[in-house]
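Below are the chains, spelled out letter by letter.
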Amino acid sequence: MRRLVLILVPYLWLLCLFLIPFVIVMKISLSDVALSIPPYTPQLDLSAGWQGIRDFFAELDFENFAFLTTDDLYWKAYLSSLQIAAISTVLTLLVGFPIAYAMAQSPDEWRPTLMMLVILPFWTSFLIRVYSWMGILANEGVLNQVLLWLGIIDSPLQILNTKTAVYIGIVYTYLPFMILPIYAALERLDGSLLEAAEDLGCSRISAFWLVTVPLSKNGVIAGCFLVFIPAVGEFVIPSLLGGSKTLMIGKVLWEEFFSNRDWPVASAVAVILLLILVIPIVLFQRQEQKQREAEGT
Amino acid sequence: MKKTLITTTALIALGTAAAAEEVHVYNWSDYIDEELLTKFEEETGIDLVYDVFDSNELLETKMLAGGSGYDVVVPTGTFLQRQIAAGAFQKLDKSQLPNIENMWDVISERTEVYDPGSEYSVNYMWGTTGLGVNTAKVAEVLGEDAPVDSLSLIFDPANIEKLSECGVQVLDAPTEMIPAALTYAGWEDPDDHSQEALDKAEEVLSAIRPHVQKFHSSEYINALANGDICVAFGWSGDILQARDRAAEADNGVEVEYHIPKEGALMWFDQMAIPTDAPNPEAAHKFLNFIMDAQNMAAASNYVYYANGNKASQEFLAEDVIGDPAIYPDEETLDNLYTVTPFGPKEQRLLTRMWTRVKSGT
Amino acid sequence: MPQTVFAPWDDPNEKPLISFQRVTKRFGDFTAIDDISLDIFSREFFALLGPSGCGKTTLMRMLAGFETPTEGKIFLAGQDIAPVPPNKRAVNMMFQSYALFPHLTVWDNIAFGLKREGKDKDAIEARVNEMLKLTRLEKFKSRKPHQISGGQRQRVALARSLAKAPKLLLLDEPLGALDAKLRQDTQFELVDIQEKTGTTFVIVTHDQEEAMTVASRVAVMDEGKLMQVSTPDRIYESPDSVYVADFIGDVNIIEGRAHQTGDNVQVIWAEGQPPLMAKTQKDFSLDQQCWLAIRPEKVAISAERPQAPNTLRGRILDIAYLGNISTYHVELPTGHVIKAQEANTRRIARRSFTWEDEVWLSWTDTAGVLLDR
């Protein structure tokens, strides 16, 4: 009985927080837009009994999904989102790995403090942090003023409202998600492995590539997924820091929903986005599973 | 202990009683003198819960989803019209609104398109869409005789290319930008929703797109006030706010608002009561309170927007009623136009075109 | 037996492979190695023995290149190795934790060092297979380290460190992680492999039995100093300090004052007791403090007083039965407790002595070692 409950809890969780909302969104994506409250049709009319349910299902169709293929905007937006997310993930890795590495190398008594410093930004609202980047990156912002003052540049750099600003925002926001799993992997790394590698003829650098990197691979993969998946659907960062040229699916979704009031098409966009994300999520789970099996516990 | 319990129960009972006398108002951010809110509570004894939004789209989504819990909301005319069609609002009970006689016919004639006979709404504020100009910077770039009161300031590629040095932002609102582009192009009807009109507007907008720093509907207030940009195409009250912020900051930035001489869009923010409002009676009280001449004047004096209340005009401050940027003269007023909402099909074409303009995709 | 003739340390013409010259290592205020000079010769199986914290691991890590001496010099085949980084030394190390790369198979672990040398594929293949055969790991070559047993892992670690055919192999507590039975088997295997490969082994251990079993010479260390460096039998039979005598095996230590005549010494050790007789090569001044160390197996136990240079009467306090032998703890009237060992050639029921029996202990004058420190 206890076992049953324990198994049931995660499934219940999945049902309430994923499956039910997904079914609702799926249902809306199969509906048609209408000028009513709520703004789509058909509505499930249970008072009409069995006939009502039959009519309801009869009116659902995949028209909205077909519509998505008629306009290149959508796949361009998906591709652009994937590209921005991929580049951001690589950048986050490039920034996060050295930080995690330095943390793992630091003396034991420093580690809790360093860990704290990595997590600390979470104590401030995400929006406030992104807004403060607007203050830093603006033409009249802190960064440009410092660079001007130092004489490095003659005229302010246009960073805000460009893709660069989006990358900065994503890297900044998701950095802890990259650092923590990599740090966890590096911290577990037995220092004598590196000594053994050196002993067997590796330079420090090749020992890093042949031992540290492969052994932190799982942390790196976990970190990359934790950054990539939310970055694909990111809306707030590109709309605050990005320019109007920054095409992302989150923005397209917002426009379908708010500007066009087309909830069905917006839902279709969301369903496709989910499917695109499910692929890396499944890959991620596979990887995790493999790792658990490999550890043989 | 028992006594405390009883007291607590009594308090809860009181609380629920008070909840019946609550009114939820959902208005634009920075759009009222907050002293009016206290005044309303004191006069009526009704608890006022005041929330703010910053885009019509957000409000509309809440209205269309239903069950918003608000008693009074303030959509812009074009949005109001569509939401009325969707059945989002209830008809006003004019018998509960004696102050409605204060309203200004000049405005209510123009809001007829959205809400014939003012059956569902009363005007709160109105304004124009025009040019916010950092005079000194524009003069620096384009010379002293820069066309600061003409749409050519931003729609002539030659001008905006030069201005892009000091930064230009325009509204991220196609329903505002397209009529302006059509007006600049000399199109007969700025409210034309036809494909030809959209194509023409797209041509004009695409030409200037590379020189627009950002399409955004609120950031230009700060950007203009800080001197980050030198020209914004935006809403009158917002630009006047930027003007005041710059003056307060005393940062050497001087902002002016100009209604384009070619003609400008005139918009109306209308107060309405949702169909499912929990407390329509209190909502009527709030509407009537706002329509009081002195209260309305206080609101306008605070936010620097013109209102649709004739009786309030005698209480308006001189820098409000006397500023042609807020209360345009007769001639300018005749030159202002109104627009109607886009239908669902048209809306999609519009949004798509707008995305294409903004992102080149 | 080569072991008997193999004694390069006694040959003044022999050049040592490793030479520590007045090496000191400090970590902050702590002196881990205190002015050590030591020569280790080619093909030796050399054991560094001592309790934890005695500096033996530090000494080994200096050979590997993971630590550098604070003072003094270390020579490997006549070359000062201070400026040579670990990856350039002809020295390999087998780590206490084995430090096998968990992401690589047994084969790849063994090939790791060879690949770094940039050898061609066939040469690597051949060498790895040779190592697999040497350590009897052929069957496990494609397994990952977590898929094999502790003993197999130990052999992988050994094969990996031997693969590059180093001049010198360092083994840090190589058998520490194995259980007692496996450890014994492995000890002999180690010796076997050392002889087959002809590599010089330096082993670090805290287990004196292990050191005695495998090593050609043993260095006993304490608090950063070398206490004695010698062959296992000499360490056991002729310890040159109470510390070494006590650390290696079981021993009775009797403190007294020396009265020397030639190589005969009378040890005055207790009021009203006859002096103990011992022979020594050392010179003791009159009444110099000295310690007589006698191994329990050299003390005879009997009911009747025997004819012997040293006889003492006492009472049996305790008997430790160890199967093949028994150790008797005999209390003397002076309060000293002396241990004596007897082989149990007869069945337990017929044992001659039991608790509280009055017995005689005896040993010859050459049985004990007289120590001056």
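Residues numbered from 1 in each chain as written. Chains lettered and ligands numbered in written order. Predicted model: local features only at pLDDT ≥ 70, side-chain atom pairs only at ≥ 80, totals over all residues. Heavy atoms only, no water.

As named in an unreviewed UniProt entry, chain C is Spermidine/putrescine import ATP-binding protein PotA, taken from Pseudooceanicola nanhaiensis. Among the UniProt annotations of chain C, the heading Subunit (unreviewed entry) holds the following wording: "The complex is composed of two ATP-binding proteins (PotA), two transmembrane proteins (PotB and PotC) and a solute-binding protein (PotD)." Checking UniProt for chain C, the heading Function (unreviewed entry) contains the comment "Part of the ABC transporter complex PotABCD involved in spermidine/putrescine import. Responsible for energy coupling to the transport system." (UniProt positions renumbered as here; feature names shortened; annotations may be inferred.)

Naming follows an unreviewed UniProt entry, where chain A appears as Putrescine/spermidine ABC transporter permease of Pseudooceanicola nanhaiensis. Recorded in UniProt under Subcellular location (unreviewed entry), the annotation for chain A is "Cell membrane". Under the UniProt heading Sequence similarities (unreviewed entry), the note attached to chain A is "Belongs to the binding-protein-dependent transport system permease family. CysTW subfamily."

S.K.: Explain the UniProt feature "domain: ABC transmembrane type-1" (unreviewed entry) in chain A residue by residue, including any values.
M.R.: On the UniProt side, "domain: ABC transmembrane type-1" (unreviewed entry) is annotated at positions that read residues 78–284 of chain A here. Here residues 78–284 of chain A runs as 77% helix and 0% strand, with 20 Å between its end C-alpha atoms. (Helix = DSSP H or I, 4+ residues; strand = E, 2+ residues; numbered from the N terminus.)

S.K.: Break down the domain arrangement of chain C for me, with residues and values.
M.R.: All names here are of chain C. By the assigned domains, chain C splits into domain 1 (2–243) and domain 2 (250–371). A straight line from the C-alpha centre of domain 1 to that of domain 2 covers 39 Å. In this complex, domain 1 contributes eight residues to the contact, which on the side of domain 2 involves seven residues. For the domain 1 and domain 2 pair, buried surface summed over both sides reaches about 640 Å², with 57% attributable to carbon and sulfur atoms. If you look at where domain 1 meets domain 2, you find one salt bridge. Close ionic contact of Glu 237 with Lys 298 constitutes a salt bridge, the shortest N to O distance being 2.8 Å. Counting across the domain 1 and domain 2 interface gives three residue pairs in polar contact (both at pLDDT 80 or more). (Domains from an automatic or database assignment. Contact = heavy atoms within 4.5 Å. Buried area = accessible area lost by both parts, 1.4 Å probe. Salt bridge = Lys/Arg side-chain N within 4 Å of Asp/Glu carboxyl O. Polar contact = N/O pair within 3.5 Å; in protein donor to acceptor, adjacent residues only side chain to side chain.)

S.K.: Can you explain the UniProt feature "transmembrane region" (unreviewed entry) in chain A? Please cite residues and give values.
M.R.: Residues annotated in UniProt with the feature "transmembrane region" (unreviewed entry) correspond here to residues 77–102, 114–134, 165–186, 220–243 and 263–284 of chain A. From the first C-alpha to the last, residues 220–243 of chain A spans 30 Å; its make-up is 79% helix and 0% strand.

S.K.: Can you tell me about the nonpolar core, naming the residues and giving the values?
M.R.: All names here are of chain B. Tyr 124, Val 138, Phe 155 and Leu 287 are the most contacted members of the largest nonpolar core, which totals 120 residues. The element contributing the most residues to this core is strand E9 (residues 264–272), with seven residues. Both domain 1 (2–127 + 267–329) and domain 2 (128–266 + 339–359) contribute no fewer than three residues apiece to this core. Not counting the four nearest positions on each side in its chain, Phe 155 is found in contact with Met 177, Ala 180, Ala 181, Tyr 184, Val 204, Leu 205 and Ile 208. (Core = buried A, V, L, I, M, F, W, Y, C linked by side-chain atoms within 4.5 Å. Buried < 20%, exposed > 50% of the residue type's maximum accessible area, 1.4 Å probe, protein only.)

S.K.: Please provide a residue-by-residue account of a negative patch on the surface, values included.
M.R.: All names here are of chain B. There is a patch of like negative charges on the surface, built from Asp 329, Glu 330, Glu 331 and Asp 334. When you line up the elements, Asp 329 lands in the loop between helix H15 (318–321) and helix H16 (330–335). Classification of Asp 329 as partly exposed rests on a relative accessible area of 40%. (Patch = residues over 30% accessible without salt bridge, like charges linked within 9 Å, V, L, I, M, F, W, Y side chains within 5 Å. Areas by Shrake-Rupley, 256 points an atom, 1.4 Å probe, with all protein chains shown as cover. Lys, Arg positive; Asp, Glu negative; His and termini not counted. Charge placed at Lys NZ, Arg CZ, Asp CG, Glu CD.)

S.K.: So, the UniProt feature "domain: ABC transporter" (unreviewed entry) in chain C: which residues are in play, and what are the values?
M.R.: With numbering aligned to this structure, UniProt lists the feature "domain: ABC transporter" (unreviewed entry) at residues 18–248 of chain C. With 36% helix and 26% strand, residues 18–248 of chain C has end C-alpha atoms that lie 25 Å from one another.

S.K.: So what's going on with the interface of chain A and chain C? Residues and values would help.
M.R.: Contacts between chain A and chain C engage 17 residues on the former and 21 residues on the latter. Together chain A and chain C conceal approximately 1,700 Å² of surface at their shared face, both sides included; 62% is due to carbon and sulfur atoms. Its largest share of buried area at the contact with chain C, chain A owes to Glu 195, Asp 199 and Leu 200 of chain A, together 40% of the area lost on that side. Counting across the interface, chain A meets chain C through one salt bridge. Among the ionic pairs, Glu 195 of chain A bridges to Arg 61 of chain C, the shortest N-O distance being 2.6 Å.

S.K.: Report on the pattern of salt bridges, specifying residues and quantitative values.
M.R.: For side chains bearing opposite charge, pairing can occur when the charged atoms are close. By the definition in use, this model includes 39 salt bridges over all chains. Glu 255 of chain A is the partner of Lys 358 of chain B in a salt bridge, and the nearest nitrogen-oxygen pair spans 3.3 Å. Of the two residues, Lys 358 of chain B is situated in helix H17 (residues 344–359) and Glu 255 of chain A in helix H13 (residues 249–259); the pairing between them involves two chains. Judged by its relative accessible area of 5%, Lys 358 of chain B is buried. Between Lys 358 of chain B and Asp 172 of chain B there is a salt bridge; the shortest N-O distance is 3.0 Å. You can see Lys 358 of chain B sitting in helix H17 and its partner Asp 172 of chain B sitting in the loop between strand E5 (168–170) and helix H9 (174–184), a full 186 residues away along the chain.

S.K.: If you had to explain the side chain of Thr 280 of chain C to someone new, which residues and values would you point to?
M.R.: Residue and element names in this part refer to chain C. Mapping Thr 280 onto the fold places it in the loop between strand E13 (276–279) and strand E14 (288–294). Thr 280 gets classed as buried once you look at its relative accessible area, which sits at 8%. In this structure the side chain of Thr 280 is engaged in a polar contact, spanning 3.0 Å, whose partner is the backbone nitrogen of Lys 282. In this structure Thr 280 touches Gln 260, Asp 263, Val 265 and Leu 370, once residues within four positions along its chain are discounted.

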